[in-house]
2 protein chains.
Amino acid sequence: MSAERARVVIIGGGFGGLTAATTLARFPVAITLIDRKNHHTFQPLLYQVATAGLSPGEIAAPIRGVLHKHKNVSVLMSEVKGFDLARRRVLLEDFEVPYDFLIVAAGASHSYFGHDEWEKIAPGLKTVENALEIRRRVLLAFEIAERQAIATGTHDPVNFVVIGGGPTGVEMAGTLAEIARSSLAHDFRAIDPRRTRVVLIEGVPRVLPAYPEDLSRSALRQLEKLGVEVRVSTRVTGVEPGRVLIGDTVLPSSVTIWAAGVAASPLGKQLGASDKAGRVIVDRDLSVPGHPEVFVIGDLAAASDERGKPLPGLAPVAIQQGRAVAHNIGRDLHGAPRRPFHYRNKGTLATIGRAAAVADFGKLHVSGFIAWVLWWSVHIMFLIGFRNRLLVMIEWAWAYMTYQRSARLITGDTRLPGFANASVEDRESKTVA
Amino acid sequence: MSAERARVVIIGGGFGGLTAATTLARFPVAITLIDRKNHHTFQPLLYQVATAGLSPGEIAAPIRGVLHKHKNVSVLMSEVKGFDLARRRVLLEDFEVPYDFLIVAAGASHSYFGHDEWEKIAPGLKTVENALEIRRRVLLAFEIAERQAIATGTHDPVNFVVIGGGPTGVEMAGTLAEIARSSLAHDFRAIDPRRTRVVLIEGVPRVLPAYPEDLSRSALRQLEKLGVEVRVSTRVTGVEPGRVLIGDTVLPSSVTIWAAGVAASPLGKQLGASDKAGRVIVDRDLSVPGHPEVFVIGDLAAASDERGKPLPGLAPVAIQQGRAVAHNIGRDLHGAPRRPFHYRNKGTLATIGRAAAVADFGKLHVSGFIAWVLWWSVHIMFLIGFRNRLLVMIEWAWAYMTYQRSARLITGDTRLPGFANASVEDRESKTVA
């Protein structure tokens, strides 16, 4: 990298960071992308890993592999401790990276609403590790029941509780019900997986609250058709090993999955004013007020559309923002004025399960099989790299034809507890795929 | 399972156990297959997972999935504590499983020759967990060097040391050299992976000692062509974080891999007389002397051929033994006399790297590209399940065409140490895929 080139540092290899890097690579700049992981995770398909439909290698791509043909992009695998905005430095554990432009796309994780102790019991679905841990627990729950039934002739019921009725909670609940009733139905001799109870809990009066009401109703119908027990306007008051508390009601739970709150990366606090979710409030060009050389994009940015409506934490938003920021840096280099960011909403999709989904294209609302085919087409197209796309299509076609789940591996800590404490959370997990 | 049916219990879902189960399923018996894992691991391709070529889901198959169409086969995921041979019971942690016939196919793991403390530093390659841990360490070693080079302008050399020159050590060393020189060569900006040093250490005077001498010589030539530094007649005296000791010589090692000794499952000791590797000495029908209802097969059995030559620990041996034992149980049920086991050796293959392998068909010895194509054809044919076979073929074709490694994910504990202690062993690993 020649010294006179502007140095651009990008934090995060998600949709926003990768798009910014590939777009900027065309300009005469020296780019350093920093991520604590070595891979991009295709989050929209994480639920398929959690439910044993896909392998991690099929929904995650090594960042170096994605960027290796861009010679002016350097990838650095590292944790970011913070920033020295005055000296224009990114602070790592043991050294600093100087920048002329900084793009922070560090994303968000789950919020447990002040109950961080719930996280170990009820993992969320943000990382490959999360997904594999959920897969391990779900598959172990059936093994524990089968083992108990063989030994004693009877077994405790298998219950899955999903907390949060947004897109992630809906797809998890729907797919869990689906694999219990189809994929795993004939794998066991002593238990009947079809008797598995899947409960979806949502605090507000409807699932997919960000969608139009008719699509929420349709999603509810499709969930119930798949066998999911949906409880809206219900607040969880406690999460304990083996059970979920709703006021005085105790809901037994073999596996509890958290799909509720969102908390922006703690790095946001170091960049300036943030909203209650910890997202950084940015100008119309996505730069930090007072620091035109620092941009925040994706789930970490609190940006709004023309009508002041906050933009959702979706891949298309992050991708469009990454592109916009890259071009504004290009304009700075040419002394041209920056342009404000405009989000083009091409519609939003949420999948529920086999042949079940909803799609919101503004005036046009679509449900069921067609929405589901749309969902898969869009996401497979998005999947980074031909190889993944091909494999995921094969996996999906195969799974659809045969009802099989191809990635049903329990690895890492596979010790089964005795029947006394047939819960799968209370053990140090060394999940692997 | 009807009571009058003979109860057959099989310990282990490897090649031997699975073959015994599928063969026995045709007889009027009630079969219970017990394994501590929920999946069969296709061990011949584990090195591909360890070197990021394949994902675990592509070389492992859920045992329930493999057996689910056999209604008289029940799968029990459980650790086996021991046996009560007099009362004909398999002892689990908290209950017992009675049997009329018992087939023990519990396999073998690595022997560290009394230095069990070496295991954490130099993992072997027996399980999916092993393979993922090696993959994590290998990929992290390059990330650590790149990070150090970006920060300081220089970096400690990346060295891989493989201990043991048998088939596993040879394929690991060859493939590590190959990915350093091809797959990863263009992924880094500050380091040159092609300068990676791969050392293979073997105690006896030649690699692949179980093969004819000319094939050992050919394997050595092919290894050196791939850039592997081979040291024969060399004994390792110490394994420490970051280094391997050979007498007074200190060999720096970023990642050390153990491919040396074999130790049969401890369950063997409970079944009767065993050889020095802990393998159970069996009669010609593979039953335990004094217990005609108990059979031992696969890596756990010390069986010999007609000329008294001990049979190797290979998949074909286990598969043929599984079939033979199943048919002898069938003969018992019909009051027919048992037949002694005869191993039909169809030849043995060892892969070394890209277009490099050796094949021993008795009189006919083959090396290089042809042997390599043979190796892949045979192993893909063997791979359980059409799906896996198809995916592995695609992965392999893709990797061959593009030199890419598709499964280059570092997951679990991805914290990088400072440069002071740039070793990857000394951290609690939560490997995932």
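**Focus on helix 7 (residues 213–225) of chain A**
All names here are of chain A. Helix length check: helix 7 (13 residues) gives 18 Å between terminal C-alpha atoms against 18 Å at 1.5 Å per residue, within 8%. In this structure, the buried residues of helix 7 make contact with helix 6 (167–183), strand 12 (197–201), strand 13 (228–231), strand 23 (348–353), strand 24 (356–361) and strand 25 (364–367). Looking one or two places after helix 7, you find Gly-227, whose phi comes out positive at around 100°.

**Focus: the side chain of B:Gln222**
Residues and elements named next belong to chain B. Along the chain, Gln-222 falls in helix 8 (residues 213–225). Polar contacts involving the side chain of Gln-222 include one to the main-chain amide nitrogen of Ala-357, which spans 3.0 Å. Ignoring any residue separated from it by four or fewer positions in sequence, one finds Gln-222 in contact with Ile-352, Ala-355, Ala-356, Ala-357, Val-358, Ser-367 and Gly-368.

**Considering the sheet that holds strand 13 (residues 228–231) of chain B**
Residues and elements named next belong to chain B. In spatial order, the strands read 13-12-11-17; together these 4 strands make up an open sheet with parallel pairing. Only two strands of the sheet have a single neighbouring strand rather than two, namely strand 13 and strand 17 (255–258). Neighbour to neighbour, the strand axes of the sheet diverge by 20° on average, direction disregarded. Pairing of strand 11 (residues 159–163) with strand 17 involves 4 bridges; the strand directions are parallel. Paired with Phe-160 across the strands is Val-255, a residue of strand 17. Helix-sheet contacts for helix 7 (residues 167–181) involve strand 11, strand 12 (197–201), strand 13 and strand 17, and the interaxial angle to strand 12 is about 170°.

**A word on helix 8 of chain B**
Each α-helix turn comprises 3.6 residues. Residues three or four places apart therefore point the same way. Residue and element names in this part refer to chain B. Within the span of helix 8, buried status applies to Leu-215, Ser-216, Ser-218, Ala-219, Gln-222 and Leu-223. Buried residues of helix 8, seen end-on, are gathered within an arc of 160° and therefore sit on one face of the element. For helix 8, the exposed residues lying more than 90 degrees away from the buried face are Arg-221 and Lys-225. In this structure, the buried side of helix 8 is in contact with helix 7, strand 12, strand 13, strand 23 (348–353), strand 24 (356–361) and strand 25 (364–367).

**Looking at the confidence of the model for chain A**
Residue and element names in this part refer to chain A. On average, residues of chain A score 89 in pLDDT, and 88% of them reach the 70 mark or higher. For the stretch residues 417–433, pLDDT sits under 50, and the model shows 80 contacts to residues farther than four places along the chain or on other chains. Across the interface, the model reports ipTM at 0.86; the global pTM reads 0.89.

**Some remarks on the sheet that holds strand 8 (residues 96–98) of chain A**
Working definition: the strands of a sheet are paired by backbone hydrogen bonds and lie parallel or antiparallel to each other. All names here are of chain A. As summarised here, the arrangement of the 3 strands in space is 6-7-8, forming an open sheet in which the pairing is antiparallel. The sheet is open, and its two borders are formed by strand 6 (80–84) and strand 8, each paired with just one other strand. Taken pair by pair, the neighbouring strands of this sheet meet at an average axis angle of 25°, ignoring direction. The sheet contact formed by strand 7 (residues 89–92) and strand 8 spans 3 bridges and is antiparallel. Directly across from Arg-89, in strand 8, lies its bridge partner Pro-98.

**Structural notes on the environment of B:Thr32**
With respect to the helices and strands, the residue B:Thr32 is situated in strand 2 (residues 29–35). Assessed through its relative accessible area of 9%, B:Thr32 is described here as buried.

**Structural notes on the side chain of A:Arg136**
Residue and element names in this part refer to chain A. Residue placement: Arg-136 occurs in helix 5 (residues 128–152). Overall, Arg-136 belongs to the buried group, its relative accessible area being 1%. Polar side-chain contacts of Arg-136 include one of 2.8 Å to the side chain of Glu-133.

**With respect to unusual backbone geometry**
Residue and element names in this part refer to chain B. A positive phi is found at Phe-113, a non-glycine position, where the angle reads about 50°. Its place among the elements puts Phe-113 in the loop between strand 10 (108–111) and helix 5 (118–121). Residue classification places Phe-113 among the exposed residues on the basis of a relative accessible area of 54%. Its identity is not glycine, yet Leu-208 carries a phi of approximately 45°, on the positive side. Note that Leu-208 resides in the loop between strand 12 and helix 8. On the basis of relative accessibility, which here comes to 0%, the residue Leu-208 falls in the buried class.

**Description of a positive patch on the surface**
All names here are of chain A. A contiguous patch of positive charge on the surface is contributed by Arg-26, Arg-323, Arg-344 and Lys-346. Mapping Arg-26 onto the fold places it in the loop between helix 1 (15–24) and strand 2 (29–35). The exposure class of Arg-26 is exposed, given its relative accessible area of 63%.

**Describing the environment of B:Ala6**
Along the chain, B:Ala6 turns up in strand 1 (residues 6–11). The spatial distance from the C-alpha of B:Ala6 to the C-alpha of B:Phe382 is 30 Å, given a sequence separation of 376 residues.

**Focus: the pattern of salt bridges**
On inspection of all chains with the given rule, the structure shows 42 salt bridges over all chains. Residues B:Arg7 and B:Asp100 are paired through a salt bridge, measuring 3.2 Å at the closest nitrogen-oxygen approach. Here B:Arg7 is found in strand 1, whereas its partner B:Asp100 is found in the loop between strand 8 (96–98) and strand 9 (101–104), with 93 residues between them in sequence. Note that B:Glu240 is salt-bridged to B:Arg243, the shortest N-O span being 2.6 Å. Through salt bridges that share partners, A:Asp84, A:Arg87, A:Arg89 and A:Glu96 make up one connected network.

**What to know about the pairing of strand 9 (residues 101–104) of chain A**
All names here are of chain A. Residues Phe-101 and Ile-103 point to one face of strand 9 and Leu-102 and Val-104 to the other, with burial holding for every one of them. Direction of pairing for strand 1 (residues 6–11) relative to strand 9: parallel, over a ladder of 4 bridges. Considered in strand 9, the bridge of Val-9 is made with Leu-102. Examined bridge by bridge, strand 9 and strand 21 (residues 291–296) share 3 bridges and lie parallel to one another. Bridge pairing links Ile-103 to Phe-295 in strand 21.

Scoring rules and cut-offs
Residues numbered from 1 in each chain as written. Chains lettered and ligands numbered in written order. Predicted model: local features only at pLDDT ≥ 70, side-chain atom pairs only at ≥ 80, totals over all residues. Heavy atoms only, no water. Helix = DSSP H or I, 4+ residues; strand = E, 2+ residues; numbered from the N terminus. Expected span 1.5 Å × (residues − 1). Contact = heavy atoms within 4.5 Å. Polar contact = N/O pair within 3.5 Å; in protein donor to acceptor, adjacent residues only side chain to side chain. Pairing = 2+ DSSP bridges. Axes fitted to C-alpha atoms, helices over the stretch in contact; angles between N-to-C directions. Buried < 20%, exposed > 50% of the residue type's maximum accessible area, 1.4 Å probe, protein only. Arc of directions from axis to C-beta. pLDDT = per-residue confidence, 0-100. Patch = residues over 30% accessible without salt bridge, like charges linked within 9 Å, V, L, I, M, F, W, Y side chains within 5 Å. Areas by Shrake-Rupley, 256 points an atom, 1.4 Å probe, with all protein chains shown as cover. Salt bridge = Lys/Arg side-chain N within 4 Å of Asp/Glu carboxyl O. Lys, Arg positive; Asp, Glu negative; His and termini not counted. Charge placed at Lys NZ, Arg CZ, Asp CG, Glu CD.

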